[in-house]
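Breakdown of the fold
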Amino acid sequence: MFHPLPPSLGPGVYLGAVERATSFITDDLWYGTFAGTNPETFVRADGAFIPFADDLQISNVTTIVKGVGEIGDVKIIDLQSPINSLIGKQVVKVGRSSGLTLGTITAYVLEYNDEKGICFFTDFLVVGENQQTFDLEGDSGSLILLTAQKDEKPRPIGIIWGGTANRGRLKLKVGQPPENWTSGVDLGRLLTTTND
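Definitions and limits used
- Residues numbered from 1 in each chain as written.
- Predicted model: local features only at pLDDT ≥ 70, side-chain atom pairs only at ≥ 80, totals over all residues.
- Heavy atoms only, no water.
- Helix = DSSP H or I, 4+ residues; strand = E, 2+ residues; numbered from the N terminus.
- Contact = heavy atoms within 4.5 Å.
- Areas by Shrake-Rupley, 256 points an atom, 1.4 Å probe, with all protein chains shown as cover.
- Buried < 20%, exposed > 50% of the residue type's maximum accessible area, 1.4 Å probe, protein only.
- pLDDT = per-residue confidence, 0-100.
- Core = buried A, V, L, I, M, F, W, Y, C linked by side-chain atoms within 4.5 Å.
- Salt bridge = Lys/Arg side-chain N within 4 Å of Asp/Glu carboxyl O.

With an unreviewed UniProt entry as reference, the protein is termed Nal1 C-terminal domain-containing protein, source organism Papaver nudicaule.

So, in structure tokens, the structure goes:
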């Protein structure tokens, strides 16, 4: 990984090499005492990271997302915090396929049987604003950011790993048609797990 270009294309600084961190984790490891009792259930905790090169000057790194601006620290989710501290919060992401989109967190720690009868857990369920899709195929890996509150910067909270394109539409409200949705992994939990 180089910024802005690899040496063969122009001047660039070597940042580091991408490494897969994890893919599936048992839900008891992920959610602790809040996990279900089935020992065969797993959380899709898909992630890859770039460990910085030893000689990279971190003081020269600025965390900016194009279209959003400078971002703050990762939002760590306390599983014992009140539900309204997370559900209903507005989020934003910039993806390769769909660009900048807004959405709302509608669920956290969701167990769902998809149209193929496969059961999975997801940390976040996000629905796009105005019935628009929050993500498109190819957006996986995009940061989910809590929108800025007052004087705060937008804060990373999750990473997209799937949605309508690969799981079908989901009926979220009684008496309403199925909606487009996006699933995401809890970034704070992913970082904690990969550091352990």
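There's more to say after this.
Our focus in this paragraph is the overall build of the protein. Within the protein, the secondary structure is distributed over three helices and twelve strands. Considering only contacts in the protein between residues 6 or more positions apart, those separated by 24 or more positions represent 58%. Of the roughly 11700 Å² that the protein leaves accessible, carbon and sulfur atoms contribute 53%.

Right, let's talk about the side chain of R189 for a bit. Inspection of the secondary structure assignment puts R189 in helix 3 (residues 187-195). For R189, a relative accessible area of 16% gives the class buried. Setting aside chain neighbours within four positions, we find R189 in contact with W30, I77, L79 and Y108.

Predicted coordinates in areas of low pLDDT are best not read in detail. Residues at a pLDDT of 70 or more form 87% of the protein, whose mean pLDDT is 82. The least confident element of the protein, judged by mean pLDDT, is helix 2 (residues 164-167) at 58; the most confident is strand 10 (residues 143-146) at 95.

If you look at the biggest cluster of nonpolar residues, it comprises twelve residues: I77, L86, V91, I105, Y108, F124, V126, F134, I144, L146, I157 and I160. Secondary-structure elements contributing two or more residues to this core are strand 8 (99-113), strand 9 (119-128), strand 10 and strand 11 (155-163). For L86, the contacting residues outside a window of four places in its chain are I77, I105, Y108, F124 and I157. If you look at the next biggest cluster of nonpolar residues, it comprises eleven residues, including I25, A35, I159 and V185.

The full count for this structure, using the stated rule, is three salt bridges. Taking the shortest distance from any N to any O, the salt bridge between K93 and D139 comes out at 3.9 Å. Here the residue K93 occupies a position in strand 7 (residues 90-95), and D139 occupies one in the loop between strand 9 and strand 10, the gap between them amounting to 46 residues. Taking relative accessible area as the criterion, K93 reaches 0% and is therefore assigned buried. D186 is the partner of R189 in a salt bridge, and the nearest nitrogen-oxygen pair spans 3.6 Å. Taken as a pair, R189 and D186 share a single burial class, namely buried.

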